[in-house]
Amino acid sequence: MLINETKIIRLEYGEKEAGCCSTHLIEGDGTFNAQGLDNFIKQVKLAECGLSYAVVAIMGPQSSGKSTLLNNLFHTNFKEMDAYRGRSQTTKGIWLARCVGIEPCTIVMDLEGTDGRERGEDDTAFEKQSALFALAVSDIVLINMWCHDIGREQAANKPLLKTVFQVMLRLFSPRKTTLMFVIRDKTRTPLENLEPVLREDIQKIWDSVPKPEAHKQTPLSEFFNVEVIALSSFEEKEEQFKEQVASLRQRFYHSIAPNGLAGDRRGVVPASGFSFSAQQIWEVIKENKDLDLPAHKVMVATVRCEEIANEKYSLFAKSQDWCDLEGAVKSHIVPGFGRKLSSMIDTCLSSYDEEATYFEDSVRSAKRKQLEEKLIQLVHPTYQVLLEHIQLETLDKFKTSLHDALNGGLGFANAARDCSASFIRIFEEQCKDATVKQADWDSVKVRDKFSHDIDSHIAEVRTAKLSELNALYESKLKEALDGPVGALLEGGGDDTWPAIRKLFHHEIKRAVSEFSVALSGFEMDEKTNEEMLLKLENYARGIVEGKTKEEAGRALYRMKERFTSLFNHDSDSMPRIWTGKEDIRTITKTARSSSLKLLSVLAAIRLDEDVDKIGDTLVLALVNQKKETSTSVSLRDPLASSTWEEVPATKTLITPVQCKSLWSQFQRETEYTITQAIASQEANKRNNNWLPPPWAIAALAILGFNEFMTLLRNPLWLLVIFVGYLLSKALWVQLDISGEFRNGMLEVGTLEKLGYYSTKLPL
């Protein structure tokens with residue numbers, strides 16, 4: 001029946017020893033007790049031993065006292081045969097126990113005896129399997145044999161030795177095991193005489209065992225260290241037996257030290273992998289396969305190292321330090337991130353190294369590298385988040401620093417260069433601080449992106465600043481040109497365009513000079529500077545041209561305004577009073593000539609000093625037209641064209657045809673003003689001429705002589721006439737009759753009947 005519990009008992013040999021732990025490792029039917037072995041390993045803390053442990057196995061015929069020897073030698077608690085109940089099988093399968101009081105940790109296996117009647121003559125399969133298992137996992141194999149069997153050809157030890165040697169050859173690259181032949185119930189024959197005979201028998205058996213081609217000439221010493229000891233009879237000489245066993249026990253102390261009893265230990269499996277290794281070895285043996293110990297060692301190392309690596313990875317992923325660091329990085333930059341994380345990874349790898357240090361080097365290193373890669377993959381997203389925080393925060397600080405530097409009056413190029421170099425250095429330092437030494441992450445792409453973001457922001461700010469600067473000087477130019485140019489155009493005369501050109505060049509020169517100084521801080525190439533200055537000059541030109549176009553669109557209004565101003569105001573800008581003495585014809589001619597001059601000024605843009613004949617053409621076609629007609633026959637109308645001579649179409653604002661049309665409309669709309677002036681002048685004349693004609697005065701004097709003499713004779717009438725005069729004068733002044741007559745007594749229709757037409761007033 002499979003035993004799943006560990007048995008702990010206390011044994012006393014003179015003085016109390018520590019408790020002994022044992023378990024049934026393999027049942028008689030070949031069932032491997034994995035759970036029991038795991039419990040045993042935990043109980044004796046075998047996994048903590050690394051390579052500092054030894055395994056001892058004992059083989060021998062059934063009922064040869066193997067368990068008794070082990071219990072006395074190692075203070076174990078294996079079940080012993082009760083001699084009083086007869087000789088029978090006591091140990092079934094393989095039992096495992098810890099040796100008490102021996103360092104390093106030593107565990108011993110008690111194998112089922114060979115040549116037992118219970119299994120029968122032909123059932124030797126389990127014997128071979130258990131022997132192969134013992135040789136594969138043990139450092140020392142005790143072969144228990146009777147003294148009286150030495151030298152016998154058919155003794156019971158010969159089948160056992162054949163079994164041992166045969167299964168040993170099934171191990172590929174086997175480990176060198178110590179075979180300790182324990183001669184029981186030693187007789188009077190000295191050991192010096194027994195040992196050569198035993199060694200000769202062993203050599204004969206080795207030579208007779210069939211060997212594979214690779215080991216045809218291999219000596220026994222390549223596979224085994226052979227030791228021979230002899231013990232007295234336990235039953236007859238118990239005290240002597242115990243003394244000899246106690247002396248033998250001393251040889252098992254420090255058995256794994258150099259030149260110790262445990263052999264070369266080439267294929268030893270680290271203690272933490274012993275359970276898995278033993279189970280896998282037994283499965284291979286049960287399947288009746290040859291056991292490749294090097295490959296098995298690699299397999300055990302692979303499984304155990306992977307288990308250790310997974311355990312360490314899981315502990316790292318769930319550790320409070322890592323969780324705290326990961327959580328902190330999600331919200332802000334963590335100073336010393338790389339140092340902290342590198343230390344945590346180092347601790348994890350060191351813990352792995354500590355547990356896996358005794359496993360096969362190549363496997364351990366490969367699994368360590370895999371663990372390191374998994375840890376790097378685990379922390380990489382957090383590293384990326386940290387880099388994003390560093391990038392965004394540093395970029396924000398760069399933007400603030402650049403803004404402050406520009407507001408402090410530092411040139412743009414210098415500010416951008418200094419801030420860029422400073423914050424790229426800060427970014428690199430922070431990236432270096434975040435670097436995990438175990439990882440080979442390349443931050444070049446992140447740095448390039450950060451540099452690109454800085455360059456993009458610099459370009460964006462440069463564009464904005466240049467736009468602001470350009471807008472500032474455009475605003476200055478607009479303020480300097482728009483109003484003055486409009487005023488000059490409004491007063492349009494012969495010196496209008498020379499004055500505009502002078503103003504334009506002066507303002508352009510001043511603006512370009514100041515703009516060049518401002519642009520020097522940007523350290524742009526000469527071509528870009530020239531383009532921006534040319535753009536500013538073109539803008540100024542556009543202001544003048546736009547203002548001219550605006551005024552040209554209001555040409556008729558400006559002409560009427562000019563005409564009205566000159567016609568209704570004298571040279572002192574005082575309003576005219578049409579008393580009848582003014583020469584309306586001359587005034588009209590002067591006002592119309594000035595309006596025509598304004599039209600010629602607005603007809604084309606003359607920012608460049610080009611000579612044109614627009615003014616002369618207009619005067620010739622519109623003012624002197626009647627004179628030319630009266631002297632000669634005009635061949636063609638100079639205004640019957642859509643272009644001006646020597647003036648490009650791009651600079652033409654009012655074409656000749658449009659000028660002619662505007663002039664006709666201007667004349668029609670100013671006729672009323674002239675007519676009103678004439679009517680007012682005629683009315684004023686009539687109002688001021690209130691005396692009768694001379695002939696009427698002479699007739700009155702002759703005919704009224706008698707009445708005049710009567711008045712002289714009667715002064716009372718003079719008083720009456722004088723009072724009437726005063727009353728009439730007062731009434732005249734009070735009613736402002738003379739003022740009313742200034743507007744004339746006749747309507748326009750009456751004047752037309754009299755033949756007063758403004759169109760007949762020659763200019």
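Residues numbered from 1 in each chain as written. Predicted model: local features only at pLDDT ≥ 70, side-chain atom pairs only at ≥ 80, totals over all residues. Heavy atoms only, no water.

The name given to the chain in an unreviewed UniProt entry is Protein ROOT HAIR DEFECTIVE 3 homolog, with the source organism recorded as Mikania micrantha. What UniProt records for the chain under Subcellular location (unreviewed entry) is the sentence "Endoplasmic reticulum membrane". (UniProt positions renumbered as here; feature names shortened; annotations may be inferred.)

A. Seen up close, the overall build of the chain. Looking only at helices and strands, one finds 25 helices and 12 strands in the chain. Across the 763 residues in the chain, those meeting the buried criterion constitute 42%. At a minimum sequence separation of 6, the contacts of the chain that also span at least 24 residues come to 75%. Summed over all atoms, the accessible surface of the chain reaches about 41,300 Å², with 53% contributed by carbon and sulfur. (Helix = DSSP H or I, 4+ residues; strand = E, 2+ residues; numbered from the N terminus. Buried < 20%, exposed > 50% of the residue type's maximum accessible area, 1.4 Å probe, protein only. Contact = heavy atoms within 4.5 Å. Areas by Shrake-Rupley, 256 points an atom, 1.4 Å probe, with all protein chains shown as cover.)

B. Representation of the confidence of the model for the chain. A residue-level look at the chain finds 86% of positions with pLDDT of 70 or above and a mean pLDDT of 81. Below a pLDDT of 50 lies the segment residues 83–88, which in the model reaches 9 contacts outside its immediate sequence neighbourhood of four places, other chains included. Predicted confidence is poor over residues 744–763, with pLDDT under 50, and the contacts of this stretch with residues over four places away or in other chains come to 30 contacts. (pLDDT = per-residue confidence, 0-100.)

C. A look at the pairing of strand 10 (residues 177–184). For strand 10, the buried fraction is high: 8 of the 8 residues fall into the buried class. Of the two faces of strand 10, the one holding Thr177, Leu179, Phe181 and Ile183 and the one holding Thr178, Met180, Val182 and Arg184 are both buried throughout. In this structure, strand 8 (residues 140–146) lies alongside strand 10, joined through 7 bridges in parallel fashion. Each bridged residue has a counterpart across the sheet, and for valine 141 the counterpart in strand 10 is leucine 179. Where strand 10 meets strand 11 (residues 224–230), 7 bridges bridge the pair, whose relative direction is parallel. Bridge pairing links valine 182 to isoleucine 229 in strand 11. Note that the unit made of strand 10, helix 5 (residues 191–208) and strand 11 has a crossover that is right-handed. (Pairing = 2+ DSSP bridges. Right-handed = clockwise from strand over helix to strand, strands pointing away.)

D. Local environment of unusual backbone geometry. With an omega of 0°, the peptide bond between glutamate 103 and proline 104 qualifies as cis. Non-glycine residue histidine 254 carries a positive phi angle of around 55°. Along the polypeptide, histidine 254 turns up in the loop between helix 6 (238–250) and helix 7 (274–286). Despite not being glycine, glutamate 523 has its phi angle at roughly 50°, a positive value. Here glutamate 523 lies in the loop between helix 14 (496–520) and helix 15 (526–553). Assessed through its relative accessible area of 46%, glutamate 523 is described here as partly exposed.

E. Region of interest: the nonpolar core. If you look at the biggest cluster of nonpolar residues, it comprises 172 residues, and the most contacted ones within it are Met109, Phe133, Phe165 and Phe224. By residue number, the principal contributor to this core is helix 11 (residues 361–407), which donates 14 residues. Listed in part, the 25 residues of the second largest apolar core include Val56, Ile58, Ile140 and Leu142. (Core = buried A, V, L, I, M, F, W, Y, C linked by side-chain atoms within 4.5 Å.)

F. Spatial organisation of the packing of aromatic side chains. Counted according to the given criterion, the structure contains 16 aromatic pairs. One aromatic cluster in this structure is built from Phe563, Phe567, Trp578, Trp663 and Phe666. Of note, lysine 374 hangs over the ring of tyrosine 313, and the distance from its end group to the ring centre comes to 4.3 Å. Above the plane of the ring of tyrosine 473 lies lysine 476, whose end atom (NZ or CZ) is 4.7 Å from the centre. (Phe/Tyr/Trp six-rings, centres within 6.5 Å; stacked < 30°, edge-to-face > 60°. Lys NZ or Arg CZ within 6 Å of the ring centre and 35° of its normal.)

G. Quick look at the UniProt feature "binding site: GTP" (unreviewed entry) in the chain. UniProt's feature table lists "binding site: GTP" (unreviewed entry) at Gly60, Pro61, Gln62, Ser63, Ser64, Gly65, Lys66 and Ser67, given in the numbering used throughout. If you trace the backbone, glycine 60 turns up in the loop between strand 5 (53–59) and helix 2 (66–74). For glycine 60, the residues in contact, after removing those within four places along its chain, are Lys66, Gly113, Thr114, Asn144 and Leu160. Following the sequence through the fold, lysine 66 ends up in helix 2. Given a relative accessible area of 6%, lysine 66 falls into the buried group. For lysine 66, the residues in contact, after removing those within four places along its chain, are Ile58, Met59, Gly60, Pro61, Asp110, Leu111, Gly113, Asn144 and Arg184.

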